[in-house]
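Residues per chain, in single letters:
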Amino acid sequence: MTVRQGSGSYVGEMSMQPLVETLVLRAALDEINGAQSLHSIIDTRRALDLGIAVPLTRAMKGTKNPHLWALVEAMTAYAHSGSTYLEQDIAFHSGLLAYVENELMHQLVAAMWLVHQSVTPQLAAASRQEMEDTAEAHAAILRACEAGDVEAYAAAVDAHYAPLLAIIEGR
């Protein structure tokens, strides 16, 4: 925070690096291979995704997003071949966030991705079916956003996280 004589206090540019480092350390110290920490990160990411449901679907209603559909198609192709698609996944969610004018939300989501990436290698690999289900959930998220359908968006977000939660919980 910066204080300017005669004009008040201002919040300057804030770094999420201390938050990321703390969460990564917490995950590293987690007694059960980071699974509980990753579960917390997934719960937080899900809450952030659901928290933007109304402004996101409102902003995207009636839009066409070929760049996001191309990412969904790439994720689907990677899933069918048994490959992961983290880069496309991050780009997809960043593309959605571009419709929400909330810089703090952008920073928080980016921080959650960094922590997610640091903990994920400790987990069992997703099956091809889980990767395909997650890719389809991305398509459902995008369909719901373009239709402006909040309920369908919320259901698609839940479907998006279900395979990852199943892996974490060992189901």
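Computed from a prediction, not measured in an experiment: that's the story for all the values here. (Residues numbered from 1 in each chain as written. Predicted model: local features only at pLDDT ≥ 70, side-chain atom pairs only at ≥ 80, totals over all residues. Heavy atoms only, no water.)

(A) Local environment of empty space enclosed by the protein. Counting across every chain of the model gives 1 cavity of 30 Å³ or more. Approximately 110 Å³ is the volume found for the largest cavity. Taken together, Arg45, Leu48, Asp49, Ile52, Leu56, His93, Leu96, Leu97, Val109, Trp113, Tyr153 and Tyr161 make up the lining of the largest cavity. When contributions to the lining of the largest cavity are tallied by element, the ones reaching two or more residues are helix H2 (35-51), helix H5 (86-97), helix H6 (103-119) and helix H8 (150-168). Along the lines of polarity and charge, the residues of the lining of the largest cavity split into 9 nonpolar, 1 polar and 2 charged. (1 Å grid on protein atoms, 1.4 Å probe; cavity = no way out; pocket = protein on both sides within 12 Å on 5 of 7 lines; lining within 4 Å. Points joined across faces, edges and corners; volume = space filled by probe spheres on them. Helix = DSSP H or I, 4+ residues; strand = E, 2+ residues; numbered from the N terminus. Nonpolar A, V, L, I, M, F, W, Y, C, P; charged D, E, K, R; others polar.)

(B) A look at H5. Taking 1.5 Å per residue, 12 residues should reach 16 Å; H5 reaches 17 Å between its end C-alpha atoms and fits that length. Where H5 is concerned, the buried positions are Gln88, Asp89, Phe92, His93, Gly95, Leu96 and Leu97. (Expected span 1.5 Å × (residues − 1). Buried < 20%, exposed > 50% of the residue type's maximum accessible area, 1.4 Å probe, protein only.)

(C) Spatial organisation of the nonpolar core. Counting residues in each nonpolar core, the largest one holds 38 residues, and the members touching the most others are Leu56, Phe92, Leu96, Ile141 and Tyr153. Those elements that provide at least two residues to this core are H2, helix H3 (53-60), helix H4 (66-80), H5, H6, helix H7 (128-147) and H8. Residues in contact with Ile141, not counting those within four places in the same chain, are Phe92, Leu96, Tyr153, Ala156, Val157 and His160. (Core = buried A, V, L, I, M, F, W, Y, C linked by side-chain atoms within 4.5 Å. Contact = heavy atoms within 4.5 Å.)

(D) Layout of the environment of Thr44. Relative to the helices and strands, Thr44 is located in helix H2. Given a relative accessible area of 34%, Thr44 falls into the partly exposed group.

(E) Structural context of the side chain of Thr57. As for its position among the elements, Thr57 is in helix H3. In terms of polar contacts, Thr57 uses its side chain to reach the backbone carbonyl oxygen of Val54, at 3.3 Å. Apart from the residues lying within four places of it in its own chain, the contact partners of Thr57 are Ile52, Ala144, Cys145, Gly148, Asp149, Val150 and Tyr153. (Polar contact = N/O pair within 3.5 Å; in protein donor to acceptor, adjacent residues only side chain to side chain.)

(F) Structural context of the environment of Gly62. Note on placement: Gly62 falls in the loop between H3 and H4. For the pair Gly62 and Gly148, spaced 86 residues apart in sequence, the C-alpha to C-alpha distance is 7.2 Å.

(G) Looking closely at the confidence of the model for the chain. For the chain, per-residue confidence averages 81 on the pLDDT scale, and 75% of positions sit at 70 or higher. The model gives residues 1-12 a pLDDT under 50, and that stretch makes 9 contacts with residues more than four places away or in other chains. (pLDDT = per-residue confidence, 0-100.)

(H) Structural view of the packing of H5 against H7. Orientation of H5 relative to H7, taken along the N-to-C sense of each, is 15°, at an axis distance of 12 Å. One way to sum up the angle between H5 and H7 is to call them roughly parallel. For the pair H5 and H7, the sense of crossing is left-handed. On the side of H5, the interface is formed by Asp89, Phe92, His93 and Leu96, while H7 contributes His138, Ile141, Leu142 and Cys145. Partitioned by chemical class, the residues of the contact of H5 with H7 number 5 nonpolar, 2 polar and 1 charged. (Axes fitted to C-alpha atoms, helices over the stretch in contact; angles between N-to-C directions. Parallel < 35°, antiparallel > 145°, perpendicular 65-115°, else oblique. Left-handed = near helix turned anticlockwise from the far one by under 90°.)

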